[in-house]
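An overview of the molecular structure
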Amino acid sequence: MSEAAKQALAPLREQIDSIDSQLVALLAKRAKVTAQVGKIKQQYALPVYVPEREQALLSARRSQAESLGVSADLAEDVLRRIMRESYQTQESGFVCCRQGGGKVVVVGGAGALGARFVSLFQRSGYQVVVLEQHDWYQAEQLCADAALVLMAVPITLTEQLIKQLPPLPANCVLADITSIKAQPLSAMLAKHSGPVVGLHPMFGPDITNLVKQVVVVCHGRAENEYQWLLKQLNVWGAELAVKQATEHDSAMQLIQAMRHFSSLVYGVHLADENADLTELLQLSSPIYRLELAMVGRLFAQNAELYADIMLSSCEVTALLERYQQRFNQLLALLQAKDKAGLMAQFGKGQHYFGELAGQFLHESKQLLQKAADSRS
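Position labels on residues start from 1 in each chain and follow its written sequence. Since the coordinates come from a predicted model, pLDDT governs what is reported: local features require at least 70, and pairs of side-chain atoms require 80 or more to be given and counted, while whole-chain, interface and lining totals use all residues. Excluded from the side-chain calculations are hydrogens and water; all other atoms, namely the structure's heavy atoms, are used.

**Some words on the overall build of the protein**
- Tallying secondary structure elements over the protein gives 15 helices and seven strands in all.
- For the protein, the spread of C-alpha atoms along the three principal axes comes to 80 × 65 × 35 Å.
- Any two residues whose heavy atoms approach within 4.5 Å are treated as being in contact. Taking the intrachain contacts of the protein between residues at least 6 apart in sequence as the baseline, contacts between residues at least 24 apart amount to 68%.
- Only the protein chains shown count as cover for residues, with accessible areas throughout obtained via the Shrake-Rupley method and a probe of 1.4 Å. Surface exposure of the protein reaches about 22,800 Å², of which carbon and sulfur atoms provide 56%.
- Under the counting rule used here, the positive set is Lys and Arg, the negative set is Asp and Glu, and His together with the chain ends is not counted. In plain terms, the charge of a residue is placed at NZ if it is Lys, CZ if Arg, CG if Asp and CD if Glu. For the protein, the centre of its 35 positive side-chain charges and the centre of its 37 negative side-chain charges are spaced 5 Å apart. Counting from the N terminus, the helices are DSSP H or I runs at least four residues long and the strands are E runs at least two residues long.

Below you can see the structure in the form of structure tokens.
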């Protein structure tokens with residue numbers, strides 16, 4: 001860069017530095033206010049995340065940005081990132097939604113996801129006890145006077161350990177967080193005559209907070225007696241989706257088991273092809289990099305957990321066999337160079353997704369922009 005160009009840019013860069021400094025100072029000022037908001041929310045047992053308030057704020061700021069000649073999308077992106085940070089700052093402590101608090105026993109609380117719930121209950125003022133395999137000889141003592149016993153153990157052990165639980169207090173809530181629901185819920189109902197509920201957190205232990213995270217609720221028995229638990233999940237920021245256990249398990253075959261298996265096959269195929277991942281990443285645009293990242297993410301997880309999910313139901317095998325048949329049908333069209341046939345199948349997909357296809361296109365564009373921004 002020439003000296004003349006440097007001199008011409010210098011005062012403008014100084015202005016930008018000054019403005020950026022003011023922005024950081026405003027962020028600090030806003031953080032102090034949101035911290036106060038968090039304290040008031042906890043005082044009145046209000047949820048961390050209120051979608052109506054967030055949407056109203058974003059709409060107002062988008063309108064303001066447009067009136068000032070600033071990109072509304074830019075304003076929304078910045079605000080969403082700021083709000084995500086503010087949600088996290090409101091996580092230091094939570095109100096206890098059960099009158100008098102009480103004891104929460106987390107069976108498997110030393111595991112990754114179990115530990116996440118141990119932390120949440122502790123920060124909400126509950127007396128938390130972890131029950132692991134080496135503690136089982138004193139399970140009866142540990143579960144005495146429990147307000148909640150939460151099963152956070154591997155799928156393959158859930159039913160067995162439910163049956164091995166000692167008698168629980170009549171008003172104790174028995175719940176699980178397994179990714180299948182029908183069989184564990186049935187086992188809990190058979191074991192305990194008090195309140196029972198099945199929960200499935202649709203997230204892993206690597207999440208920073210529960211804001212906007214979905215927890216599926218499958219009602220079991222005495223719904224009124226575990227409303228405090230559902231309210232506690234709301235206070236933590238989770239969105240609750242109520243489903244029948246059988247409906248949940250059917251949906252999970254498509255949402256979890258099938259997708260995990262497809263990613264497994266793709267990843268193993270890349271390995272067997274001895275594909276150069278560095279080269280693939282170098283040549284990938286953000287969308288292909290993101291797709292590769294979603295496959296690679298699977299292999300950063302616990303192999304046994306994902307094998308158990310894929311093996312959780314014999315119906316998964318039948319579903320994947322139908323998937324294989326459709327794969328072979330489309331492969332036959334490709335082998336026959338049947339362009340019209342391939343386009344017809346594409347049209348079937350377009351009809352199925354309908355208006356959601358456009359929505360997904362918009363959402364994926366936002367994700368791709370963020371992925372491109374983060375690429376060094």
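Resuming the write-up.
**Notes on the nonpolar core**
- Counting 42 residues, the largest nonpolar core has Phe 117, Phe 121, Leu 148, Leu 199 and Leu 229 as the members making the most contacts within it.
- With near-sequence residues (within four places) excluded, Leu 229 lies in contact with Phe 121, Leu 148, Val 173, Ala 175, Val 197 and Leu 199.
- Within this scheme, the nonpolar core is defined by two criteria: the residues are buried Ala, Val, Leu, Ile, Met, Phe, Trp, Tyr or Cys, and they are joined through side-chain atoms within 4.5 Å. Accessible area is worked out with a 1.4 Å probe on protein chains only. A residue is then buried under 20% of its type maximum, exposed over 50%, and partly exposed in between. Residues Val 153, Leu 185, Cys 218 and Ala 245 belong to the second largest nonpolar core, which totals 24 residues.

**A few points about the packing of helix 9 (residues 245-272) against helix 11 (residues 286-298)**
- Note on method: axes are straight lines fitted to C-alpha atoms, helices fitted across the in-contact stretch only, with angles between N-to-C directions ranging 0 to 180 degrees. Contact geometry for helix 9 and helix 11: axes closest at 9 Å, N-to-C directions at 100°. One element, helix 9, and the other, helix 11, form an angle in the roughly perpendicular class. The segment helix 9 lies against helix 11, with His 260, Ser 263, Leu 264, Tyr 266, Gly 267 and Leu 270 engaging Leu 292, Val 295 and Leu 298.
- Amino acid classes used here: Ala, Val, Leu, Ile, Met, Phe, Trp, Tyr, Cys and Pro are nonpolar; Asp, Glu, Lys and Arg are charged; the rest, including Gly, are polar. Split into classes, the residues belonging to the contact of helix 9 with helix 11 amount to six nonpolar, three polar and no charged. Any angle that falls under 35 degrees is termed roughly parallel, while one over 145 is termed roughly antiparallel, one within 65 to 115 roughly perpendicular, and all others oblique.

**Examining the packing of helix 13 (residues 314-335) against helix 14 (residues 339-353)**
- The interhelical angle for the contact between helix 13 and helix 14, taken along N-to-C directions, is 145°, at an axis separation of 8 Å. Judged by the sense of rotation from one axis to the other, the crossing of helix 13 with helix 14 is left-handed. Here Leu 330, Leu 333 and Leu 334 of helix 13 lie close against helix 14, whose contacting residues are Gly 341, Leu 342 and Gln 345. Crossing handedness is defined as follows: a turn of the near helix away from the far one that is anticlockwise and smaller than a right angle gives a left-handed crossing, while the clockwise case is right-handed.

**Topic: helix 14**
- In this scheme, a helix's expected span is set at 1.5 Å multiplied by one less than its residue total. Taking 1.5 Å of rise per residue, 15 residues should cover 21 Å, and helix 14 covers 21 Å from first to last C-alpha, within 8% of that figure.
- Summarising burial for helix 14: one of the 15 residues are buried, a small minority.

**Some details on the pairing of strand 2 (residues 127-131)**
- Bridge count for strand 1 (residues 103-107) against strand 2 is five bridges, and the pairing is parallel. Considered in strand 2, the bridge of Val 105 is made with Val 129. By definition, two strands form a pair when at least two bridges between them are found by DSSP.

**Observations regarding the layout of surface pockets**
- A volume near 490 Å³ is recorded for the second largest pocket.
- Think of a 1 Å grid over the protein atoms and nothing else: a 1.4 Å probe that fits but is trapped marks a cavity, an open set flanked by protein within 12 Å on at least five of seven lines marks a pocket, and residues with an atom within 4 Å of a point count as lining. Around the second largest pocket sit 15 residues that line it, and Tyr 323, Arg 326, Leu 330, Gln 345 and Lys 348 are the ones nearest its centre.
- At the level of secondary structure, the elements contributing two or more residues to the lining of the second largest pocket comprise helix 9, helix 13 and helix 14.
- Of all the elements, helix 13 adds the most residues to the lining of the second largest pocket, at seven residues.
- In terms of residue class, the lining of the second largest pocket is made up of nine nonpolar, three polar and three charged. Grid points are joined across faces, edges and corners, and a volume is the space filled by probe spheres set on the points.

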